[in-house]
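Chain residues, written in single-letter form:
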Amino acid sequence: MAKKVTTVNKHSDTVMAALAFIILGTILVAEQSLSVIELAVVVFGVVILTLGVLELINKNLVVAICEIVVGIALILVAALAPDVATLVLGIALCLYALYFLFIYWGSLTGGKLTLKKVVIILTILFALVAGILLIVAYAASVSSDVYIAAGAFSLGAGAMIVAKKAIA
C-alpha cells in the first residue's frame, strides 16, 4: 500500500514559510509605511492561500478550507481595512509562532538540548516577537524603528526555518 502524501506535517511547507518570513522581513526593514504593511499582508495572504490550494490538491479538505479562508481574509483586510492591516499581520505572526510551537512540541520535550531544539525555539521566539512588535506598532504611535525591529525578527525567523531544514 502506498503511503498517503500530505502537506500537513512538521517537515512540509517550510520553504513557503521561510520565504514568507524573509519577504516580510525585507519589506518591513526596507520601507516602514502603511502601504508597505498592506503589501506585506497581501503577500502573507497569498502565501497562505497558495498553501491552501496545495492542501486541496492533496485532499486535505479541512486544512485547505481553513487556509484558503484565512488567505482570502488577509487579502480582503489589506484591501478594505488597511488601517488594521498592521494588527492583523501581528496577530497572524503570533498565531504562526503558536502553531510552530504546537507542531514541534514533541521535538522540544524530553532529552537534552540540541542545536535543532535551539533553532526551533529561536524560530518561535523570533516570530512571536515580530508579531508582538507589529501589534504594538498598531496600538501605539511609534517610530519606524519598531517596524525595522519587527522586520529583523521576521528575517531571523525565516533564517531559523532555513537553518532547521539544513540541520535536518
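Throughout what follows, the structure given in this document is the object of discussion. All values reported here derive from a predicted model rather than from experimental measurement.

## Some points on the overall build of the protein
Okay, so step 1: Counting its secondary structure elements, the protein contains six helices and zero strands.
Okay, so step 2: In the protein, the succession of helices and strands from N to C terminus is α-α-α-α-α-α.
Okay, so step 3: Every one of the 168 residues in the protein was classed for burial, and the buried ones make up 37%.
Okay, so step 4: A separation of at least 24 residues holds for 71% of the contacts in the protein among residues at least 6 apart in sequence.
Okay, so step 5: Looking at the protein as shown, the accessible area adds up to about 8800 Å², and 77% of this sits on carbon and sulfur atoms.

## Quick notes on the environment of Phe100
Okay, so step 1: For Phe100, the location among the structural elements is in helix α4 (residues 85-108).
Okay, so step 2: Once the C-alpha coordinates of Phe100 and Ala127 are considered, the two residues, 27 residues apart in sequence, prove to be 9.4 Å apart.
Okay, so step 3: Those residues in contact with Phe100 that lie beyond four places of it in its chain are Ile120, Thr123, Ile124, Ile161 and Lys164.

## Observations concerning the nonpolar core
Okay, so step 1: Within the largest apolar cluster, 38 residues are counted, with the highest numbers of intra-cluster contacts made by Phe44 and Leu134.
Okay, so step 2: Going through the elements one at a time, α1 (14-30), α2 (34-57), α3 (61-80), α4, α5 (115-139) and α6 (144-167) are the ones with two or more residues in this core.
Okay, so step 3: At nine residues, α4 tops the list of elements feeding residues into this core.
Okay, so step 4: Filtering out sequence-adjacent residues up to four positions away, Leu134 remains in contact with Leu28, Ile37, Thr86, Leu89, Gly90, Leu93, Tyr147 and Ala150.

## Section: unusual backbone geometry
Okay, so step 1: Even without being a glycine, Lys59 presents a positive backbone phi close to 65 degrees.
Okay, so step 2: Mapped onto the elements of the fold, Lys59 is located in the loop between α2 and α3.
Okay, so step 3: Lys59 sits in the exposed class, given a relative accessible area of 64%.

## Observations concerning α3
Okay, so step 1: For α3, built from 20 residues, the straight-helix expectation of 28 Å at 1.5 Å per residue is met to within 8% by its first-to-last C-alpha distance of 28 Å.
Okay, so step 2: Among the residues making up α3, those that are buried are Ala64, Glu67, Gly71, Leu74 and Ala78. For α3, the arc enclosing every buried residue in end-on projection is 105 degrees, short of the 170-degree limit, so these residues lie on one face. Across from the buried face of α3, at angles greater than 90 degrees, the exposed residues are Leu61, Val62, Ile65, Val69, Ala79 and Leu80.

## Focus on a nonpolar patch on the surface
Okay, so step 1: Taken together, the side chains of Ile22, Val29, Ile148, Leu155 and Val162 present a nonpolar region at the surface, about 320 Å² in accessible area.
Okay, so step 2: Mapped onto the nonpolar patch, the elements with two or more residues apiece are α1 and α6.
Okay, so step 3: Per element, the largest residue contribution to the nonpolar patch is three residues, and it comes from α6.
Okay, so step 4: You can see Val162 is positioned in helix α6.

## Some words on the packing of α4 against α6
Okay, so step 1: The N-to-C vectors of α4 and α6 enclose an angle of 25 degrees; their axes lie 13 Å apart at closest approach. As the angle between them shows, α4 and α6 are arranged roughly parallel. As for the relative orientation of α4 and α6, their crossing is left-handed in sense. Facing α4, whose interface residues are Thr86, Tyr96, Phe100 and Tyr104, α6 presents Tyr147, Ile161 and Lys164.

## As for the packing of aromatic side chains
Okay, so step 1: Taken as a whole and judged by the stated rule, the model has five aromatic pairs.
Okay, so step 2: For the pair Phe126 and Phe153, a centre-to-centre distance of 5.7 Å together with 55 degrees between the ring planes defines the contact as tilted. Of the two residues, Phe126 is situated in helix α5 and Phe153 in helix α6; the sequence distance between them amounts to 27 residues.
Okay, so step 3: Judged by its relative accessible area of 29%, Phe153 is partly exposed.
Okay, so step 4: Through a chain of ring-to-ring contacts, the aromatic side chains of Phe21, Tyr96, Tyr99, Phe100 and Tyr104 assemble into a single cluster.

Thresholds, definitions, all that
- Residues numbered from 1 in each chain as written.
- Predicted model: local features only at pLDDT ≥ 70, side-chain atom pairs only at ≥ 80, totals over all residues.
- Heavy atoms only, no water.
- Helix = DSSP H or I, 4+ residues; strand = E, 2+ residues; numbered from the N terminus.
- Buried < 20%, exposed > 50% of the residue type's maximum accessible area, 1.4 Å probe, protein only.
- Contact = heavy atoms within 4.5 Å.
- Areas by Shrake-Rupley, 256 points an atom, 1.4 Å probe, with all protein chains shown as cover.
- Core = buried A, V, L, I, M, F, W, Y, C linked by side-chain atoms within 4.5 Å.
- Expected span 1.5 Å × (residues − 1).
- Arc of directions from axis to C-beta.
- Patch = residues over 30% accessible without salt bridge, like charges linked within 9 Å, V, L, I, M, F, W, Y side chains within 5 Å.
- Salt bridge = Lys/Arg side-chain N within 4 Å of Asp/Glu carboxyl O.
- Axes fitted to C-alpha atoms, helices over the stretch in contact; angles between N-to-C directions.
- Parallel < 35°, antiparallel > 145°, perpendicular 65-115°, else oblique.
- Left-handed = near helix turned anticlockwise from the far one by under 90°.
- Phe/Tyr/Trp six-rings, centres within 6.5 Å; stacked < 30°, edge-to-face > 60°.

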